[in-house]
Amino acid sequence: FSQFFTSFSSQCLLKLQNLSFYLAMETDDESQRVIPFQLQFDKPAPSQIKMAEWNPEKDLLAMVTDDSKIILHRFNWQRLWTISPGKCITSLCWRPDGKAVAVGLEDGTISLHDVENGKLLRSVKSHNAPVVCLNWEEDDRHGKDNGIVSYEDRSLRFFPPAPRVPRIPGVVSGDSTLLDSTEDSFQDLLNTSHQRFNILCSADKDGGICFSIFGIFPIGKINIHSLSLPLIGNQVAYTILNASIYKVALSKDFCRLIIICSGELLSRSSEVNRKQLSGQITEGMHCLVLDTSIFWRRKQELHQVAQQASSIEDLTEVIRASLSIMYKQWCDAMQIFHDKFHSLSTLIVSNGLESSPQDEFLSLLGGARTSPPIHQFLVNSLGESGLKRVTKAVSNAGKELQLILLDHIQPAAEIIGFRMGELRGLSRWRARYGGIGLDEKLINNATEKVGMLIYKLYDVCRFFHLLINSSQIFSAGC
């Protein structure tokens, strides 16, 4: 034992000496090396920062404060802009090209903001619970489409460039302003986004996960509470109770979805219960890997349908915004009319008639015989100059409304009809597009509705044409 102890002590002493020698050499080398991480600066923030994301393409850092403001800084700490969505921000993510930032809100809304000025580009209500995490992946594999021909937008062969929100001067003020400049910015960003296929993956507090192409066109939705999960090497199906998602990540090839969550693992089989699982770790953090290869296998079909649907949605927004402007223009013209013709209502009632001032005025423009109340009103109250001013205001409003119809609403509706026709043709290719949910019956119904809209627009255009002509003829005869 004495010999063994002496030999063991000698070996330990030799190893300690060697270790001291190596440590001394490493200390000398490290003193000559440059430390890889250095503190560049330490700057104060206006309030506590709860999340931050670097722009993938530029030296920009987006930060979210405790009071739910988004601050964009350069690396030199120059602040570019600050915005406040007005709701609690729960997640943040950049678009892969760095030109837009996605913001998840407490009410389940995902908003897209322009990197240049922070303006709201689009707001999508994808969830019914707070959006806890976002992940945006882009297809960076060019020329690897297995011989499938990519989609070509053929609308430019038959139509001029798609209309945007009109810049229309007001009837009263004459001020020419744009109702909302977000459409111009969004159209430019959308064109660059269409160059590559990308998917925004979002998860909410209730376990729901949504997938959206370009961040705006939904293509799928799952919930981890309803998933049947086989353990590795086990054929028994399990589910996760009280699951809470912390992170989701879509692989670069869109074939796998990684989910980091917490919860209790429970078997769905009646033969296996909680007692049989008591020897295993059933509660804690879990990493789930889901097969999402359908996104890659159907990439061409999804990309094509998403392009069509996104364009239709943009044109629908143009129609909606144009109608809002038309409503404002007409309300301004009617306000002038009511200011001048408010006393006519009393005369109509006193003469026992059931018409309205608008009916009497339109009859006057149409050349019909004037009724006693309108004759009395024109002679005693309005006068020739007042009548000319009202007629001119109505005529100008009709011209501007007709211009919006011809230059914005009608072209947008016609392009929507063209795109619906293309989708209608694709929906009949059931083998290729039936698997991604393109329903032929729904597309046919929507196409019919677009046709009815275009027909109604022609009627409205004819109405404004008659109104303008009648006003001009009446003004010339005054």
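Note that the coordinates shown come from a computational prediction; the quantities given were computed from them, not determined experimentally. (Residues numbered from 1 in each chain as written. Predicted model: local features only at pLDDT ≥ 70, side-chain atom pairs only at ≥ 80, totals over all residues. Heavy atoms only, no water.)

Secondary structure summary: the chain contains 10 helices and 18 strands in total. In the chain, which comprises 478 residues, the proportion classed as buried is 43%. Considering only residue pairs separated by 6 or more positions, the chain has 60% of its internal contacts joining residues 24 or more positions apart. Element-wise, carbon and sulfur atoms account for 54% of the exposed surface of the chain, whose accessible area totals about 27000 Å². (Helix = DSSP H or I, 4+ residues; strand = E, 2+ residues; numbered from the N terminus. Buried < 20%, exposed > 50% of the residue type's maximum accessible area, 1.4 Å probe, protein only. Contact = heavy atoms within 4.5 Å. Areas by Shrake-Rupley, 256 points an atom, 1.4 Å probe, with all protein chains shown as cover.)

Together, F41, W54 and F75 make up an exposed nonpolar region whose accessible area comes to about 300 Å². Its place among the elements puts W54 in strand β1 (residues 49-54). Judged by relative accessible area, W54 falls into the partly exposed class, the value being 48%. (Patch = residues over 30% accessible without salt bridge, like charges linked within 9 Å, V, L, I, M, F, W, Y side chains within 5 Å. Salt bridge = Lys/Arg side-chain N within 4 Å of Asp/Glu carboxyl O.)

The next point concerns the environment of R419. When you line up the elements, R419 lands in helix α8 (residues 372-427). Here R419 falls in the buried class, since its relative accessible area comes to 6%. Sequence separation between R419 and T447 is 28 residues, and the spatial gap between their C-alpha atoms is 9.2 Å.

Of note in this structure, W77 is not a glycine but carries a positive phi near 75°. As for its position among the elements, W77 is in the loop between β3 (70-74) and β4 (79-83). Positioned with a positive phi, N242 is a non-glycine residue whose angle comes to about 55°.

One finds I209, I245, V248, L257, I259 and F341 to be the most contacted residues of the largest nonpolar core, which totals 88 residues. The element contributing the most residues to this core is α8, with 19 residues. Core analysis: the second largest hydrophobic core is formed by 14 residues, L72, W81, W94 and V115 among them. (Core = buried A, V, L, I, M, F, W, Y, C linked by side-chain atoms within 4.5 Å.)

To continue, consider the packing of aromatic side chains. What the rule picks out here adds up to six aromatic pairs. Each ring, one from W54 and one from F75, has its centre 6.2 Å from the other, and the planes form 40°; the classification is tilted. Here W54, found in strand β1, pairs with F75, found in the loop between β3 and β4; they are 21 residues apart in sequence, far enough to count as distant. On the basis of relative accessible area, F75 is assigned to the partly exposed category, the value being 39%. Put simply, the rings of W330, F463 and F464 touch in pairs and so form one group of aromatic residues. (Phe/Tyr/Trp six-rings, centres within 6.5 Å; stacked < 30°, edge-to-face > 60°.)

Below, the discussion takes up the environment of E138. The residue E138 is located in strand β9 (residues 131-138) in this model. Here E138 falls in the buried class, since its relative accessible area comes to 17%. Each C-alpha atom, one on E138 and one on L200, is 8.8 Å from the other, the two residues being 62 residues apart in sequence. Filtering out sequence-adjacent residues up to four positions away, E138 remains in contact with P96, R196, F197, N198, K252 and F254.

With that out of the way, let us pick up the pattern of salt bridges. In total, this model carries 16 salt bridges according to the counting rule given. Two residues, E313 and R122, come together in a salt bridge whose shortest N-O distance is 3.1 Å. One end of the pair, E313, is in helix α5 (residues 299-341); the other, R122, is in strand β8 (residues 120-125), and 191 residues separate them in sequence. On the basis of relative accessible area, E313 is assigned to the partly exposed category, the value being 29%. Residue R122 is classed as buried on the basis of its relative accessible area of 8%. The network of salt bridges with shared partners includes R122, E313 and D314.

Moving on to the environment of W429. In this fold, W429 is placed in the loop between α8 and α9 (430-433). On the basis of relative accessible area, W429 is assigned to the partly exposed category, the value being 44%. Along the sequence, W429 and E440 sit 11 residues apart, while their C-alpha atoms lie 9.2 Å from each other.

Another aspect to go through is the sheet that holds strand β2 (residues 60-65). Strand order in the open sheet made by the four strands is β1-β2-β3-β4, with antiparallel pairing throughout. With partners counted over all chains shown, the strands left at the sheet margins are β1 and β4, one partner each. Here the strands of the sheet are splayed against their neighbours by 20° on average, with no regard to which way each runs. Summarising the sheet, β1 and β2 pair through five bridges and their orientation is antiparallel. Its bridge partner being in β2, M51 is matched across the sheet by V64. (Pairing = 2+ DSSP bridges. Axes fitted to C-alpha atoms, helices over the stretch in contact; angles between N-to-C directions.)

Strand order in this open sheet of four strands is β5-β6-β7-β8, and the pairing throughout is antiparallel. With partners counted over all chains shown, the strands left at the sheet margins are β5 (89-94) and β8, one partner each. On average, each strand axis in the sheet is tilted by 20° relative to the strand beside it, whichever way the strands run. One ladder, built from five bridges, connects strand β6 (residues 100-105) with strand β7 (residues 109-114); its direction is antiparallel. Each bridged residue has a counterpart across the sheet, and for A102 the counterpart in β7 is L112.

Quick look at the side chain of H73 now. Considering the arrangement of structural elements, one finds H73 in strand β3. Only 3.0 Å separates the side chain of H73 from the backbone oxygen of W77, close enough to count as a polar contact. Sequence-distant contacts of H73, defined by excluding residues within four places in its chain, comprise D59, L60, L61, M63, Q78 and R79. (Polar contact = N/O pair within 3.5 Å; in protein donor to acceptor, adjacent residues only side chain to side chain.)

Predicted confidence across the chain gives a mean pLDDT of 78, with 77% of residues reaching 70 or more. Mean pLDDT per element in the chain: strand β11 (residues 176-178) is the minimum at 35, and β5 is the maximum at 95. Taken as a whole, residues 1-24 scores under 50 in pLDDT and shows zero contacts with residues more than four places along the chain or in a different chain. Considering only residues more than four positions removed or in separate chains, one finds that residues 170-183, a stretch of pLDDT under 50, has 30 contacts. (pLDDT = per-residue confidence, 0-100.)

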